[in-house]
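One-letter residues, chain by chain:
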Amino acid sequence: MNELNNLYKNWIKDEVSSPDVEAAKEAFLKQKFPPAPVPASGPFWGAPSFRFALVGCMALLLVLKINPIDHATVSDPAQITTAVLVSENPTPDPAADASEQPQTQIKKLGSQMGPTVAYQKNFSDVQITVVWVFPKGA
Amino acid sequence: MRDDPDLGLVQQAQSGNQAAFSALFRKYYNMVYAVAYGVLNRREESQDVTQDVLIKVHRDIQKFKGDSKFKTWLYRVTVNASIDSVRRRKEAEPIENVGDFLASNTIDPRRAASQAELKERMQEALQKISAEHRAVLVLREWENLSYEEIADTLQLEAGTVMSRIFYARKALAKALGIEYHEVES
């Protein structure tokens, strides 16, 4: 009888473990019983990490309300000047051809934040811009 | 209420919790399919019956009163649905006498050309047995239910269950050319 039992059990086991049967199972379960939506009082919203993030956001909003960021606008540039940097060498060689050196444009800008200077320098096909802002009182 | 490991999920499902339904059905889908296949022996039909059973349970979950374990109730619904499906497609008449089994259908499984051929013979042999016999066979041999549990599930007398299992095993062994000696394991 053991042989009969084994044959029978293997016959059903092969069928139940068939990939087609497993695929049909997943398709049916997803179609008929989709995952339940996460409730507002569920584990996600009640998670300590979420609560901490929520408190942090609220604190930040409170701080910004008390001490708002001064959104200074950049006024029209009061003056634009152009200077040629002949050389970075402290003792420049007057005989050197100035046209061979990369030129740096220096622009002085007026700003409510304070004195602002923009440096622009071209390297082959790359332009690098550095903006210095000197806050008022600094 | 009996000690039912599914009690919590069932109560949540009865409250309308779809996640509980999903968990229950994911847990028992294979079981329902195995029982259906044991009775029907046809994949597509078994899949249809499995889905019908789960949809019915989903719809009628309130009818489960806890008089038995949920799993027992599920067995009952599955067997009934499977037997109904068999009746609808006009099965072969159940054998009354094992001796009527055609000897020409028997083969020596040790000489079977392939496992696939043996599976085919198993399927053919099972088709010679009534749906009611196949039901008790799958509950006993695959689900490992006791005679009492099968009797409780199918609402039969224990003696009827034993008798059906005896004849089902004997018929199957005859069809497969296996020597059969009734030794309860």
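A short tour of the structure in this document, coming up.

Parameters at a glance
Residues numbered from 1 in each chain as written. Chains lettered and ligands numbered in written order. Predicted model: local features only at pLDDT ≥ 70, side-chain atom pairs only at ≥ 80, totals over all residues. Heavy atoms only, no water. Phe/Tyr/Trp six-rings, centres within 6.5 Å; stacked < 30°, edge-to-face > 60°. Helix = DSSP H or I, 4+ residues; strand = E, 2+ residues; numbered from the N terminus. Buried < 20%, exposed > 50% of the residue type's maximum accessible area, 1.4 Å probe, protein only. Lys NZ or Arg CZ within 6 Å of the ring centre and 35° of its normal. Contact = heavy atoms within 4.5 Å. Salt bridge = Lys/Arg side-chain N within 4 Å of Asp/Glu carboxyl O. Polar contact = N/O pair within 3.5 Å; in protein donor to acceptor, adjacent residues only side chain to side chain. Nonpolar A, V, L, I, M, F, W, Y, C, P; charged D, E, K, R; others polar. Axes fitted to C-alpha atoms, helices over the stretch in contact; angles between N-to-C directions. Parallel < 35°, antiparallel > 145°, perpendicular 65-115°, else oblique. Left-handed = near helix turned anticlockwise from the far one by under 90°.

Topic: the packing of aromatic side chains
Each aromatic ring pair is characterised by the separation of its centres together with the angle its planes make.
(1) Moving on: Under the counting rule described, the total for this entry stands at 10 aromatic pairs over all chains.
(2) Moving on: Centre to centre, the rings of Tyr33(B) and Tyr37(B) are 6.0 Å apart; their planes meet at 15°, and the pair counts as stacked. Here the residue Tyr33(B) and the residue Tyr37(B) both occupy positions in helix α2 (residues 18-40), the gap between them amounting to 4 residues, near one helical turn.
(3) Moving on: Look at Tyr33(B) and you get buried, because its relative accessible area is 0%.
(4) Moving on: A relative accessible area of 4% places Tyr37(B) in the buried class.
(5) Moving on: Here Phe64(B) and Phe70(B) contribute two aromatic rings whose centre-to-centre distance is 5.7 Å and whose plane-to-plane angle is 90°, an arrangement assigned as edge-to-face. Both residues of the pair, Phe64(B) and Phe70(B), belong to the buried class.
(6) Moving on: An aromatic cluster is built from Tyr8(A), Trp11(A), Tyr33(B) and Tyr37(B), whose rings are joined through pairwise contacts.
(7) Moving on: When the ring centre of Tyr147(B) is taken as reference, the NZ or CZ atom of Arg140(B) above it lies at 4.8 Å.

Overview of the interface of chain A and chain B
(1) Moving on: Between chain A and chain B, the contact holds 25 residues from the first and 42 residues from the second.
(2) Moving on: Between Arg26(B) and Glu26(A) there is a salt bridge whose closest N-O contact spans 2.9 Å.
(3) Moving on: Where chain A touches chain B, the interface holds 6 residue pairs in polar contact (both at pLDDT 80 or more).
(4) Moving on: Elements that contribute at least two residues to the side of chain A that touches chain B include exactly α1 (2-16) and α2 (19-32) of chain A.
(5) Moving on: Per element, the largest residue contribution to the side of chain A that touches chain B is 12 residues, and it comes from α1(A).
(6) Moving on: Classifying every residue of the side of chain A that touches chain B by side-chain character gives 13 nonpolar, 2 polar and 10 charged.

Brief notes about the packing of helix α4 (residues 70-88) of chain B against helix α6 (residues 131-141) of chain B
All names here are of chain B.
(1) Moving on: At a minimum axis separation of 10 Å, α4 and α6 run at an interaxial angle of 150°. Our classification of the angle between α4 and α6 gives roughly antiparallel. Both α4 and α6 take part in a crossing whose hand is right-handed. The residues of α6 that touch α4, namely those facing Tyr75, Val79, Ile83, Val86 and Arg87, are Ala131, Glu132, Arg134, Ala135 and Leu139.
(2) Moving on: In the contact of α4 with α6, the residues fall into 7 nonpolar, no polar and 3 charged.

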